[in-house]
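So you can see what is in the structure, the chains are spelled out below.
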Amino acid sequence: MARVAARYGAEPLGMMVYLAGQGRPTEGLRQVDDVAPDMGLLRLWAKACRIDPERLRRRSLASRYPDRPRDWFLNETVPTCIACFDADVVAGRDAYLRGHWRLAEQMVCQSHRTMLLDRCPACLGRLRLSFRLLNGLLRPFCRKCDTVLTGRGGETEDPLMADFAAGVLNLQRQINGIVRGGPGRLDRLEHAIRTLWAPLDRDGAARPVLALWYDEAGWNCPFEARAAVGRSAPLQHLSVSWRALTLVILHDLFGADLVPGAVLPEAALVLFQRAAPLPWLTDGPDLRTGKGKLTIDAGAERVHRLSKRPVHRLN
């Protein structure tokens, strides 16, 4: 979609608004969803591009990953590997987004073993990609600062970052197996992540539970991570750096399994006992059924309010 839109000097959403406006104007307000696209919108796009709509449907993430829960796909910012974009240029092809970058547990490029980027290396803002033609090839630009995203072919100057990325790569492979393995271990994994990001048991505590793991005095829960509390698939709501940190802590607490078992290790027990009680997450209906959604949202709002309160200077 980005390739076709770039040939007309437009963004995919602008092209969709134009195409839908030829038939059903209300459809132009919605963008084609990469995970499970609406077939009506997909047929409009396929007709304009003279492509079989079934071929496009098979490219959707729901078709490529049929055994995967839908909420474990990223819905907003898609982290990218600049080295992969450079490899596209070397190969003489248009740069393109890799489908597996949309998986919530993907933080490291499997080909180049570097951390994926969700912030522009030039302006440091949240990365919003725009694909444009440059020297006859489609290249990725930052939509905010108009900088072309390019690097050094995946080379890493800092060996510590390379070692860290290699460790996180192994952890994300384990998480991928848990996500595809069934609801039992996945539910325990999500519960552990939500608990780590839950506020401490003291009212007014702006520190999440995982702050006790590295004991950084005065560190408050970052705004971008507060949405992970009270949501299903909490990794989806964290940035790349916070997702990586979460997996490292899970590994330290629970070892290779990355999920709590019947008996919590001592370190995990200390952290989990300090979490603010969240009964609507543990005793309520299944998060994925959609039942009890109002209760979950109301509980999440209360947790968010607690996490935003400042810690009193005497504490």
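Structure's up top.
It should be emphasised that the depicted structure is a prediction, and the values quoted were computed from it without experimental measurement.

Colleague: Could you give an account of the overall build of the chain, naming the residues involved and the relevant values?
Modeller: Broken down by element type, the chain carries 13 helices and two strands. In the chain, which comprises 315 residues, the share counted as buried stands at 45%. Once local pairs closer than 6 in sequence are excluded, the contacts in the chain between residues at least 24 apart make up 62%.

Colleague: Lay out the layout of surface pockets with the relevant residues and their values.
Modeller: Here the largest pocket defines a volume of roughly 1700 Å³. Met1, Ala2, Pro12, Asp34 and Leu97 are, among the 44 residues lining the largest pocket, the residues nearest its centre. Broken down by secondary-structure element, the contributors of at least two residues to the lining of the largest pocket are helix H1 (2-7), helix H2 (12-21), helix H3 (39-49), helix H4 (53-58), helix H5 (61-64) and strand E1 (129-134). The element that contributes the greatest number of residues to the lining of the largest pocket is H1, accounting for six residues. Of the residues that constitute the lining of the largest pocket, the class distribution is 24 nonpolar, seven polar and 13 charged. In this model, the second largest pocket occupies a volume close to 490 Å³.

Colleague: An account of the pattern of salt bridges is requested, with residue identities and associated values reported.
Modeller: The full count for this structure, using the stated rule, is ten salt bridges. Here arginine 98 and aspartate 88 are joined by a salt bridge, their closest N and O atoms 2.8 Å apart. Taken together, the positions of arginine 98 in the loop between helix H6 (82-90) and E1 and aspartate 88 in helix H6 put the pair ten residues apart, joining distant regions of the chain. In this pair, the class of arginine 98 matches that of aspartate 88, namely buried. Counted as one network, the salt bridges with shared partners bring together Asp88, Arg93 and Arg98.

Colleague: Which residues make up unusual backbone geometry, and what values do they have?
Modeller: Here the phi dihedral of leucine 124 falls at roughly 65°; this positive angle occurs in a residue that is not glycine. Phi at aspartate 146 takes a positive value of approximately 65°, unusual for a residue other than glycine.

Colleague: Provide a residue-level description of helix H10 (residues 240-254), including the pertinent values.
Modeller: Across its 15 residues, H10 extends 21 Å between first and last C-alpha, which sits within 8% of the 21 Å expected from 1.5 Å per residue. The buried count for H10 comes to twelve of 15 residues, which makes it a mostly enclosed element. Among the residues of H10, Val240, Trp242, Arg243, Ala244, Leu245, Thr246, Leu247, Val248, Ile249, Leu250, Leu253 and Phe254 are the ones counted as buried. Just past H10, the residue glycine 255 takes up positive phi, approximately 75°.

Each value, and the rule that gives it
Residues numbered from 1 in each chain as written. Predicted model: local features only at pLDDT ≥ 70, side-chain atom pairs only at ≥ 80, totals over all residues. Heavy atoms only, no water. Helix = DSSP H or I, 4+ residues; strand = E, 2+ residues; numbered from the N terminus. Buried < 20%, exposed > 50% of the residue type's maximum accessible area, 1.4 Å probe, protein only. Contact = heavy atoms within 4.5 Å. 1 Å grid on protein atoms, 1.4 Å probe; cavity = no way out; pocket = protein on both sides within 12 Å on 5 of 7 lines; lining within 4 Å. Points joined across faces, edges and corners; volume = space filled by probe spheres on them. Nonpolar A, V, L, I, M, F, W, Y, C, P; charged D, E, K, R; others polar. Salt bridge = Lys/Arg side-chain N within 4 Å of Asp/Glu carboxyl O. Expected span 1.5 Å × (residues − 1).

In short, geometric facts, not functional conclusions.
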